[in-house]
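Below are the chains, spelled out letter by letter.
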Amino acid sequence: MMEFNRAAVGCVIRRLRKERGQSQELLSGLAGIARSHLAMIESGAKQPNFETIWRIANALQMPPHSLVALIEEEAEKNSG
(Lines give C-alpha, C1' and ligand atoms only; values in the text may rest on other atoms or scores of the structure.)
Protein backbone atom coordinates (compact mmCIF):
# COMPACT_ATOMS: atom_id res chain seq x y z
CA MET A 1 0.00 0.00 0.00
CA MET A 2 1.31 3.44 -0.94
CA GLU A 3 1.76 5.83 1.95
CA PHE A 4 1.98 9.56 1.64
CA ASN A 5 4.54 11.59 3.50
CA ARG A 6 2.46 12.56 6.55
CA ALA A 7 4.09 15.96 6.87
CA ALA A 8 3.31 16.77 3.22
CA VAL A 9 -0.30 15.66 3.60
CA GLY A 10 -0.81 17.81 6.68
CA CYS A 11 0.98 20.80 5.21
CA VAL A 12 -1.07 20.80 2.00
CA ILE A 13 -4.42 20.27 3.70
CA ARG A 14 -3.71 22.95 6.31
CA ARG A 15 -2.55 25.40 3.61
CA LEU A 16 -5.61 24.81 1.43
CA ARG A 17 -7.95 25.10 4.42
CA LYS A 18 -6.39 28.40 5.50
CA GLU A 19 -6.37 29.77 1.92
CA ARG A 20 -10.12 29.17 1.86
CA GLY A 21 -10.59 30.80 5.26
CA GLN A 22 -11.99 27.62 6.78
CA SER A 23 -11.62 26.51 10.37
CA GLN A 24 -10.81 22.92 11.23
CA GLU A 25 -14.35 22.67 12.59
CA LEU A 26 -15.87 23.77 9.28
CA LEU A 27 -13.67 21.61 7.03
CA SER A 28 -14.07 18.53 9.20
CA GLY A 29 -17.85 19.02 9.22
CA LEU A 30 -17.95 19.37 5.44
CA ALA A 31 -15.77 16.26 5.09
CA GLY A 32 -17.78 14.25 7.62
CA ILE A 33 -14.82 13.51 9.87
CA ALA A 34 -14.07 14.47 13.46
CA ARG A 35 -12.23 17.75 14.01
CA SER A 36 -9.70 15.87 16.14
CA HIS A 37 -9.07 13.49 13.21
CA LEU A 38 -8.43 16.45 10.88
CA ALA A 39 -6.13 18.03 13.46
CA MET A 40 -4.11 14.81 13.69
CA ILE A 41 -3.85 14.64 9.88
CA GLU A 42 -2.71 18.26 9.68
CA SER A 43 -0.10 17.72 12.39
CA GLY A 44 1.22 14.57 10.69
CA ALA A 45 0.21 12.34 13.61
CA LYS A 46 -2.30 10.38 11.55
CA GLN A 47 -2.14 8.95 8.02
CA PRO A 48 -5.40 9.50 6.11
CA ASN A 49 -6.79 6.65 4.05
CA PHE A 50 -8.09 7.06 0.51
CA GLU A 51 -11.67 7.65 1.62
CA THR A 52 -10.58 10.44 3.96
CA ILE A 53 -8.49 12.08 1.22
CA TRP A 54 -11.54 11.84 -1.05
CA ARG A 55 -13.81 13.42 1.59
CA ILE A 56 -11.37 16.23 2.33
CA ALA A 57 -10.86 16.97 -1.37
CA ASN A 58 -14.62 17.16 -1.88
CA ALA A 59 -14.97 19.42 1.16
CA LEU A 60 -12.28 21.66 -0.36
CA GLN A 61 -14.26 21.62 -3.62
CA MET A 62 -11.49 20.07 -5.66
CA PRO A 63 -11.06 16.75 -7.44
CA PRO A 64 -9.27 14.17 -5.29
CA HIS A 65 -6.57 13.72 -7.94
CA SER A 66 -5.71 17.41 -7.64
CA LEU A 67 -5.27 17.12 -3.88
CA VAL A 68 -3.10 14.03 -4.33
CA ALA A 69 -0.99 15.86 -6.95
CA LEU A 70 -0.41 18.78 -4.55
CA ILE A 71 0.58 16.34 -1.81
CA GLU A 72 3.01 14.58 -4.16
CA GLU A 73 4.54 17.94 -5.16
CA GLU A 74 4.98 18.91 -1.52
CA ALA A 75 6.55 15.54 -0.67
CA GLU A 76 8.92 15.86 -3.62
CA LYS A 77 9.89 19.39 -2.60
CA ASN A 78 10.61 18.26 0.96
CA SER A 79 12.62 15.19 -0.05
CA GLY A 80 15.08 16.94 -2.28
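Cut-off values and rules
Residues numbered from 1 in each chain as written. Predicted model: local features only at pLDDT ≥ 70, side-chain atom pairs only at ≥ 80, totals over all residues. Heavy atoms only, no water. Buried < 20%, exposed > 50% of the residue type's maximum accessible area, 1.4 Å probe, protein only. Helix = DSSP H or I, 4+ residues; strand = E, 2+ residues; numbered from the N terminus. Arc of directions from axis to C-beta. Contact = heavy atoms within 4.5 Å. Core = buried A, V, L, I, M, F, W, Y, C linked by side-chain atoms within 4.5 Å. Phe/Tyr/Trp six-rings, centres within 6.5 Å; stacked < 30°, edge-to-face > 60°.

## Considerations on helix H2 (residues 24-31)
Okay, so step 1: All of the buried residues in H2 are Gln24, Leu27, Ser28 and Ala31. The buried residues of H2 occupy one face: seen down the axis, they fall within an arc of 95°. Residues of H2 that are exposed and angled more than 90 degrees away from the buried face: Glu25, Gly29 and Leu30.
Okay, so step 2: Looking at the buried residues of H2, the elements they touch are helix H1 (6-19), helix H3 (35-43) and helix H4 (50-59).
Okay, so step 3: Glycine 32 sits one or two residues past H2 and shows a positive phi near 75°.

## Thoughts on the nonpolar core
Okay, so step 1: In this structure, Ile13, Ile56, Leu67 and Ile71 are the most contacted members of the largest nonpolar core, which totals 20 residues.
Okay, so step 2: Of all the secondary-structure elements, those providing two or more residues to this core are H1, H2, H3, H4 and helix H5 (64-79).
Okay, so step 3: Among the elements that line this core, the one with the most residues is H1, at five residues.
Okay, so step 4: Leaving out residues up to four positions away in the same chain, leucine 67 has contacts with Val12, Ile13, Leu16, Ile53, Ile56, Ala57 and Met62.

## A look at the packing of aromatic side chains
Okay, so step 1: For the structure on display, the rule yields one aromatic pair.
Okay, so step 2: Geometrically, the ring pair formed by phenylalanine 50 and tryptophan 54 is tilted, given 5.7 Å between the ring centres and 50° between the ring planes. Of this pair, phenylalanine 50 and tryptophan 54 both sit in helix H4, four residues apart, roughly one helical turn.
Okay, so step 3: Note on phenylalanine 50: relative accessible area 57%, which makes it exposed.

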